[in-house]
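A look at the structure
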Amino acid sequence: MNVILQSRDRAACSDKTLYISDLDGTLLRLDETVSAFTAETVNRLEAEGILFSYATARSYLTASKVTAGITARLPVIVYNGAFIIDSGTRAILSSTYFTEAEAEEIEGILLRSQIFPLVYSILNEEEKFTYYEDCVTPGMRFFLDRRKTDTRRRPVPRTEPLRMGRVFYFSCIDSEEKLRPVYGMLKGRFHCIFQRDLYSGAQWLEILPEDATKAHAARRLKNLLGADRVVSFGDGKNDLPLFQASDACYAVANAVPELKKCATAVIGSNQEDGVAAWLRANVLAAEA
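The shown structure was predicted, so the numbers you read here are calculated from the model rather than taken from an experiment.

Some words on the sheet that holds strand E9 (residues 153-156)
If you walk across this open sheet you meet the 6 strands as E9-E8-E7-E10-E12-E11, and the pairing is mixed. Edge positions in the sheet fall to E9 and strand E11 (191-196), since each of these pairs with one other strand and no more. Across the sheet, the axes of successive neighbouring strands diverge by a mean angle of 20°, strand direction being ignored. Of the strand pairs in this sheet, strand E7 (residues 118-123) and strand E8 (residues 126-132) are connected by 5 bridges, and their pairing is antiparallel. Bridge pairing in E8 links Tyr120 to Phe129.

A look at the pattern of salt bridges
As enumerated under the stated definition, the model contains 18 salt bridges in all. Note that Lys178 and Asp174 form a salt bridge whose closest N and O atoms lie 3.3 Å from each other. Looking at Asp174, the relative accessible area reads 18%, which means it is buried. Measuring nitrogen to oxygen at the nearest pair gives 3.8 Å for the salt bridge that ties Lys237 to Glu258. Within this pair, whereas Lys237 is found in the loop between strand E13 (229-234) and helix H9 (240-244), its partner Glu258 is found in helix H10 (residues 257-261), the two being separated by 21 residues in sequence. Overlapping salt bridges bring together Asp24, Glu32, Arg58 and Arg146 as one network.

Quick notes on the packing of aromatic side chains
With the rule as written, the count across this model stands at 21 aromatic pairs. Taken together, the aromatic side chains of Tyr79, Phe83, Tyr97, Tyr120, Phe129, Tyr131, Phe143, Phe168, Tyr169 and Trp204 make up a single cluster linked through ring pairs. Cation over ring: Arg146 sits above Tyr199, and NZ or CZ is 5.4 Å from the ring centre. In this structure, Arg158 is placed above the aromatic ring of Tyr132, and the distance from its NZ or CZ to the ring centre is 5.7 Å.

Quick notes on the nonpolar core
Tyr19, Leu118, Phe233, Trp278 and Leu279 are the most contacted members of the largest nonpolar core, which totals 56 residues. For Leu118, the residues in contact, after removing those within four places along its chain, are Phe129, Thr130, Tyr131, Met140, Phe143, Leu144, Tyr169, Phe170, Ser171 and Ile173. Among the nonpolar cores identified, the runner-up in size contains 23 residues, and Phe98, Val167, Leu179 and Phe194 belong to it.

Let's talk about the sheet that holds strand E4 (residues 76-78)
Two strands in a sheet stick together by hydrogen bonds in their backbones, pointing the same way (parallel) or opposite ways (antiparallel). The sheet built from 3 strands is open, its strands ordered E4-E5-E6 with antiparallel pairing. Edge positions in the open sheet fall to E4 and strand E6 (92-95), since each of these has one partner strand only. Mean inter-strand twist for the sheet, computed between neighbouring axes without regard to direction, equals 25°. The pairing of strand E5 (residues 83-85) with E6 spans 3 bridges and is antiparallel. Looking at the pairing, Phe83 lines up with Ser95 of E6. Packing of helix H8 (residues 214-225) onto the sheet brings it into contact with E4, E5 and E6, and relative to E4 it is tilted by some 160°.

Some points on unusual backbone geometry
A positive phi angle, close to 65°, is found at Arg90, a residue other than glycine. As for its position among the elements, Arg90 is in the loop between E5 and E6. Judged by its relative accessible area of 52%, Arg90 falls in the exposed class. Despite not being glycine, Asn124 shows a phi value in the positive range, around 55°. Mapped onto the secondary structure, Asn124 falls in the loop between E7 and E8.

About the criteria used
Residues numbered from 1 in each chain as written. Predicted model: local features only at pLDDT ≥ 70, side-chain atom pairs only at ≥ 80, totals over all residues. Heavy atoms only, no water. Pairing = 2+ DSSP bridges. Helix = DSSP H or I, 4+ residues; strand = E, 2+ residues; numbered from the N terminus. Axes fitted to C-alpha atoms, helices over the stretch in contact; angles between N-to-C directions. Salt bridge = Lys/Arg side-chain N within 4 Å of Asp/Glu carboxyl O. Buried < 20%, exposed > 50% of the residue type's maximum accessible area, 1.4 Å probe, protein only. Phe/Tyr/Trp six-rings, centres within 6.5 Å; stacked < 30°, edge-to-face > 60°. Lys NZ or Arg CZ within 6 Å of the ring centre and 35° of its normal. Core = buried A, V, L, I, M, F, W, Y, C linked by side-chain atoms within 4.5 Å. Contact = heavy atoms within 4.5 Å.

Listed below in C-alpha cells is the structure:
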C-alpha cells in the first residue's frame, strides 16, 4: 500500500471509468457538508462528461440534502446498495428486498433479543421507517432528533407490527453487548454491517438482503452506464464490498485500518477534500 498525493490514473484516459465515492467520512466533511472545492470539482467532472456517482448508507432524501451543492445528475447508490435512484426523476432503477419469510424471521430474532429496530420499507408506494415509539435507545434518539421533519418517520405502538410493506433494511442502534450476538447469528445469511456511527459513536447493526451491497449496486450501475471500469473511494467497513468490486480503490486518510489494507492507495482525509484533490490531479488534469 502506498500513500499518494498526486499520481496520474493512466487507464482513465482511455477507458470509460465510473468514479464512485462514499459520502460520510469520505466526500463529506465532519460537519456533513460538501465543501465548495469538492462541489466545484464534481460539477466539473459532469461538465466534461466524466462519470461520477456516490454510494452511501443514507437514503436519497438525506443524501440529496448533504450534497446540495453538487449538480451532477447520474444515478446514485443509496441504503448501502439496496437501491439505485435516478437523481433527476427520483425513480428507483434497481431495488433489493427481503422475502416476507426473511423479514419475519429477522424481526422475530431481534424482538426476542429485546432489540427494537428501525424497519425500512416501501409502504403504499412510499418510503417509510417504522419503529416502536416507546422503545427508543439514546442512539436512536440522536438519529430521530436529526430527522424531526422526515416524512418517512412512522412511529407505532407495540401493539402493531414493525414490518409493513416491502421491507429492505433493518437498522438497530443499541449496545454492542446486545447487538454482537445477533450480528454473529445473521452475518452468514444476510448483508450485515456492524460498526459505530461516525457522528454519535453509537453502535449500529444494519441488516440487508444478501445481495444489497455497494458492490452489487456498483456493478449494476457500471452496466447501466456502459462503463469499462470502476474506481472507488471510501472510509468505512461498509465500503469493503465496494472496494472489492473496483478496478482501483482509494481510502481517505481517516479510513478504518481494514479498508486501508485493501486499498490501491491512501489519499488525503475527508477534512482535506482528499477525494476532490485526487480527482483534480488524476482525472481533470488528465483531461486537460
